[in-house]
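Topology and contacts: notes
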Amino acid sequence: MTTHCDPFRLDGVRALVTGASRGIGRATALAFAQAGAEVALSARSRGALQETAALVEAHGRTAALVPGDLAGPGVPEAVVDEAAAALGGLDCVVHNAGVLPVREDGTPVMVPLQDSAQTDWDHVLSVNLNATAALCRRAHPHLRESSRASVVLMSSLAGVVGTPRMEAYGASKAAQIALARSLAVGWARQGIRVNALCPGWTRTDMTSFAYSLEPLSDWLTAHVPLGRWAEAHEVAHAARFLASPAASYLTGQALVLDGGVSVPDGGLAGIAKPPSPFPPDDPRGEERSS
Ligand SMILES: NC(=O)c1ccc[n+]([C@@H]2O[C@H](COP(=O)([O-])OP(=O)(O)OC[C@H]3O[C@@H](n4cnc5c(N)ncnc54)[C@H](OP(=O)(O)O)[C@@H]3O)[C@@H](O)[C@H]2O)c1
């Protein structure tokens, strides 16, 4: 008799999820727990991590807290060590923690590179990129021991398209994609898959400055062919897929989840009615639908 295993399940997978205190990271930890994974949760805010842990445990799964500031020297390594110790090894790393440069009031600094501060560049690169390398390096011995190893790097649409006024962020996210590709090839024969996930505009604390301002939110979604923001759980489900046996032949890819923004000409779908190519009195112009 053959048993049928759901390839989208993550039963018994031991996963470290960074940035798990809120937003996409919390949703990812929950999606993994719903799929059967045991998770180690990392971020700076211990209280918020405990809330995520309670949600994970409500699904009957283990949640270990491994808090830390990933911008700190030696912290990514300590987070991996503690996660592996708590879960008895690691099969999966989801490096989701990421930052935009922000002011003291939490609003993002969006200025051209020539007006930006090197300290902002350094901080963004430390969390988004340097921590990626440190986490992957430290996790490698554990992943090599696993028969279902994978890494998911939470990159961004900003790593795929140009992002004026967000150069540090865009550069860090593009570098994550490059790292995912290089590691995917380098680690393939060790059975470790590595992919990047590139969400577009997703409603979380990071983007509240934009979706809470109706004119700005409307302007942004007008450029999204699907016509709306993504929700954190939609990104989480894609992360779960990338980590699952359903994606067992998928490595070195940047999966773009942006409602169609980056599809060539897809942005034109946001324009209600394109200009007619016909003269104004030509009846063929009326056939054009919005
Ligand atoms: N929202 C979007 O539209 C969007 C689009 C594309 C890609 N992304 C990417 O998706 C990921 C999650 O974003 P989100 O929207 O969920 O953002 P968010 O709500 O701001 O959450 C960011 C997470 O990163 C953690 N974090 C920030 N700085 C950290 C540090 N120094 N050390 C450790 N953890 C740190 C935060 O926890 P603590 O504050 O508790 O440390 C939090 O859990 C990020 O990598 C982001 O770049 C987001």
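Whatever comes next refers back to the structure up there.
This report concerns the structure included in the present document. (Residues numbered from 1 in each chain as written. Predicted model: local features only at pLDDT ≥ 70, side-chain atom pairs only at ≥ 80, totals over all residues. Heavy atoms only, no water.)

**Details of the side chain of T202**
Checked against the element boundaries, T202 lands in strand β7 (residues 202-203). Within the local environment of T202, its side chain forms a polar contact with the backbone oxygen of G200, the two atoms lying 2.9 Å apart. With sequence-adjacent residues up to four places away left out, T202 is seen in contact with I24, T207, W229, A230, E231, A232 and V235. (Helix = DSSP H or I, 4+ residues; strand = E, 2+ residues; numbered from the N terminus. Polar contact = N/O pair within 3.5 Å; in protein donor to acceptor, adjacent residues only side chain to side chain. Contact = heavy atoms within 4.5 Å.)

**Some words on the site of the ligand**
Near the ligand, the surroundings consist of 30 residues, among which S21, R44, S45, Y169 and T204 are the closest. Within the backbone of N96, a nitrogen or oxygen atom sits 2.7 Å from an oxygen atom of the ligand. Within the contact set of the ligand, an oxygen atom lies 2.9 Å away from a side-chain nitrogen or oxygen of K173. For the ligand, the protein covers 97% of the area, taking 880 Å² as the surface of the free molecule. (Near = heavy atom within 4 Å. Areas by Shrake-Rupley, 256 points an atom, 1.4 Å probe, with all protein chains shown as cover.)

**Some words on empty space enclosed by the protein**
Applying the stated criterion across every chain yields a total of 1 cavity of 30 Å³ or more. Put simply, the largest cavity is a space of about 130 Å³. Only α4 (118-145) and α5 (167-187) provide two or more residues apiece to the lining of the largest cavity. It is α5 that contributes the most residues to the lining of the largest cavity, 3 residues altogether. (1 Å grid on protein atoms, 1.4 Å probe; cavity = no way out; pocket = protein on both sides within 12 Å on 5 of 7 lines; lining within 4 Å. Points joined across faces, edges and corners; volume = space filled by probe spheres on them.)

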